Structures are given as structure tokens and as C-alpha cells.
Amino acid sequence: MADKTVSKHLVNLEKQFATTDPVLQKAVKVFQELDELEFEMALIDPEETTARRSSWWPLISTLGGYSPAKSEFLNRFLGVTLHTTRHKFTVLQYTPQTTSATLPGTALDADHRLPFYQISRDMEQTSPGEGGKVNSYLELVTVNSGKLKNKLIVDTPVLNPAAENAANGLLRQHVIAISDLVLVFTDLFEADPEFNKDVVAGIVKYQDTNKFLFVIDHSELNLDPNKSQEIIAAWQRRLAEFGIFTGHYVVLSQNGDNSQIEQRINNLNNDRSYRILESLENSIRAVDDVVMDEVESALTLWKERCNATTLIVLSFIIMLILFAEIAVGILDLFFDPIIGPLIVLALAAILTPIHIIVSRVHAKFIINQLHKRQKQLNLSEDLSGLFEKSLSFWRVLLPITQPVGKTKKNRKKLNHLLEQTKDLVQALNDQFSRSQFQDYPSSYEVQSGEDY
């Protein structure tokens, strides 16, 4: 097998973080090792990388109701007047050019650097026929605002009962899941509970991730700090009725201080780093916990079907022998010291190619099932690739259901990658507590001999 080439995506990421973020630079190396292991098991192509599963940009997203609070805030925050559609998921990206440009959703779907990479595949699975209409749901808008440098904002469409469908719900859940910071404008909770229940459920699901900042818009009023605290307390009680008990709150007012929002946004690089390392850990664990189990189950089912079909063929041959015995009497030939073994060899010579043909036929059906299962699990790994790699000649004949690559050696490699990832998390933690731990370098630093 050809050697795994380093993905251009990883090469670019390593260059990008070489001077700005040593932890993420080392994370790129761990992704590369994971890629090599998955390539050996035919789970990814030579130019593919597991690092594409997560956007490496710091991500902010907005959720709101039908009031203009969300769009007015973005205009004030960015210092520009945005002309975006209110019914699409809009990714706002920095550009040094003074003229803004609007690009179609296919630009997001095809670019692995952006947060909606290959989302059309998931849309098609959720709502057949909608995957080809990605331009109706997504757009990319370039904005000349320094606030957008080195980060992205995903502005979700307003909640409109007439336009909501399963694809919109999928996209909102996707945005919530991948964001480092979600600005939730509280007019969202003033809509019909039946209408916004899916969005609220998404917030409840991720409420312990510390990614939500609830924005209460009273920008037309002058409020003193005590009044702002009363408003926050009232909204905390109200959101508790929805099952939301965590998250930070900020009140927008004419004389308000938006430093809390600015502070959260300034801390996005750190949030992004933790998200990337979490994605890396999940990708490593998925190889053993998900991929191997799925392929092993498929191999077991395939083996059962092949053996059952071969037994049916063998039963048919035995029936023919019995009929022949009744007609002319041939069983004595099986006990002949010369002819008997020859007959057994002839049967084996007939059954072996039949078994191989049967195995290939059943494998095609299993491969189709694995393609569907891969989409259901939203995996980038090619389950059918590992399955086909496990169909060598002797594996077809012998009762082996364990996938190729499920070995102690590879499990040891995966555990080593997990340890490296944990060391990187510790190194990231140490950046915030250098004074406390400066005399106790992390295990990653000790192992690599490098200092952060």
C-alpha cells in the first residue's frame, strides 16, 4: 500500500499555528498520526484528514426571534450595515476589501475550512431533495470589519413558522454544536413554545458547555446596574421554566457596558483550542468504540449469511448423493480408501469457489448497508473500506470476524494518541496558570523537551 501523504490542510494548519499557538501546532501532529493509522485501515483516502471534521476558526453564532434585536446588535458590533437575507444561515467572514461580497451556500458546502463543509449530505439524509438546495439555506458574506479578523460569525435566520422545516432544524442544531460562543437573544423565548421547542432543546442539551450568552435587548432604555440585575434575575427565572439553568446574561441598554461580550469574544481563541482538542479526542475514541464495532458487526452478519448459504448448497449436494444412493448405490465409494478421499477433495474443490462467490455477493449487500450506516452515524471514515480490506482469501474461508487493524498494536497506538491529547489539554490549562505550575512542567513538556 502507498504511504499516507500529509494532507495539504494539515500542512497549512501547521504553518498557521507555528508562531501563534504551539498547542494547536502539536495537535496537528497528533491528527497526522491518527490519519496515518486510519489510512492503513482503509478508513480515509490518501489526501483526506480527520482534522476536517471541525472548523479551526473561532466561531460565534447568533440565535434570535423575529425582532430586529439580533441584526441591530451585529450592525453596532461590527460597525457596518449588513445587507443579508433574514431567511438564510449567513456566515460572516472578514475581508480587507471595502466592498462586501455575497457567495452562495455551495461555497460553504465545498470548503473544508468553513463550518458547513459537506452539510448538504446531512441535509439530504434528513430531508430528501433538500441537499441539492443548499443555496436556499446558506450564504457567505464578506465584511470589512476588524472585529471579524481571525474569526467567523454564523447569523442564523429568524424563526419563521412558514419557513421552518427539518433541514432548518438540522442546521440550527449543527450551528449550536460547533460554536464556541452562542449569543442567544431572549426574544427567541417569546415565540410560541411549540414553535421554538427544538431550538430550546438544543440549548438545554449543550447548556453545560459554557458557550451560551443570553442577550436581553433594552437598547432603547437607560438602565442603572440595579435595574439590569433585576431584569437578569427575572429572565433567569423565566428560562428555568424551559429547563435552562446555566449560562451568562447581559443587558443591552443605551448606557450599558458591553465589556462582558467583548471579553467572551476576546477569549474565543482559547475556546476554539479546547473544542479542537475535544474533537481530536472524540475522533481517536471513535475508531475503537464506533468504527471497529460497526465493521465487526457487519463482518459477523456477513459471515453468518455466507455460511448459511453455503450450508444450503451443501444440503442440496447431500440430497443429490442420497438420491443417487437410492437409485444406483454410491455410498460405498465414500468408504473406499482411494476413491473416498478423492470425492471429499472434489467436494471441497466445488464448495470453495461457490463459497467465495457467495461471499462476494453477500459482501455487496453489506457494503450498501455500511454506506447507509455511515451516513446515519455522520462518520467521515469509510466503513466499507475497512470491511473490504477485511475480506482477504483466508478470512473468507476461516471463521474470522475481527476487522483488519483491530490489534493490540493499534490499540496501543490509539491509547498513545489519547495520552498526547490529554497532555495538550494540560498544556493549554497551564497557559492560564503559569505562575502556579511554573515549577511543574506538564508531562507533554517533559516528554518532548519543549517549552510553551
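Right above here is the structure, for reference.
This structure is a prediction, so every number in the text was calculated from the model and none was measured. (Residues numbered from 1 in each chain as written. Predicted model: local features only at pLDDT ≥ 70, side-chain atom pairs only at ≥ 80, totals over all residues. Heavy atoms only, no water.)

Caption draft 1: Seen up close, the overall build of the protein chain. Helices and strands together make up the secondary structure of the protein chain, namely 17 helices and 8 strands. Scaling as 2.2 N^0.38, a compact globule of 452 residues should have a C-alpha radius of gyration of about 22 Å, whereas the protein chain reaches 29 Å, well beyond that. Expressed along its principal axes, the backbone C-alpha trace of the protein chain runs to roughly 105 × 60 × 45 Å. Of all 452 residues assigned to the protein chain, the portion counted as buried reaches 44%. Intrachain contacts of the protein chain at a sequence separation of at least 6 include 79% that bridge at least 24 residues. (Helix = DSSP H or I, 4+ residues; strand = E, 2+ residues; numbered from the N terminus. Rg over C-alpha atoms; globule rule 2.2 N^0.38 Å. Buried < 20%, exposed > 50% of the residue type's maximum accessible area, 1.4 Å probe, protein only. Contact = heavy atoms within 4.5 Å.)

Caption draft 2: Structural view of a nonpolar patch on the surface. Nonpolar side chains collect at one region of the surface, where Phe393, Trp394, Leu397, Leu398 and Ile400 lie side by side and expose about 470 Å² of accessible area between them. By secondary structure assignment, the location of leucine 397 is in helix H14 (residues 393-397). (Patch = residues over 30% accessible without salt bridge, like charges linked within 9 Å, V, L, I, M, F, W, Y side chains within 5 Å. Areas by Shrake-Rupley, 256 points an atom, 1.4 Å probe, with all protein chains shown as cover. Salt bridge = Lys/Arg side-chain N within 4 Å of Asp/Glu carboxyl O.)

Caption draft 3: Up close: empty space enclosed by the protein. With the rule as written, the count across this model stands at 1 cavity of 30 Å³ or more. Computed from the structure, the largest cavity encloses a volume of approximately 40 Å³. Forming the walls of the largest cavity are Asp288, Met292, Gly405, Lys406, Thr407, Asn410, Arg411 and Leu414. Those elements that place two or more of their residues in the lining of the largest cavity are helix H10 (268-327) and helix H15 (408-430). With 3 residues, H15 is the largest single contributor of residues to the lining of the largest cavity. Here the residues of the lining of the largest cavity sort into 2 nonpolar, 3 polar and 3 charged. (1 Å grid on protein atoms, 1.4 Å probe; cavity = no way out; pocket = protein on both sides within 12 Å on 5 of 7 lines; lining within 4 Å. Points joined across faces, edges and corners; volume = space filled by probe spheres on them. Nonpolar A, V, L, I, M, F, W, Y, C, P; charged D, E, K, R; others polar.)

Caption draft 4: Representation of helix H3 (residues 69-78) within the structure. Where H3 is concerned, the buried positions are Ala69, Lys70, Phe73, Leu74, Phe77 and Leu78. For H3, the angular spread of the buried residues around the axis is 145°, confining them to a single face. Positive phi shows up at glycine 79, right after H3, with a value of about 75°. (Arc of directions from axis to C-beta.)

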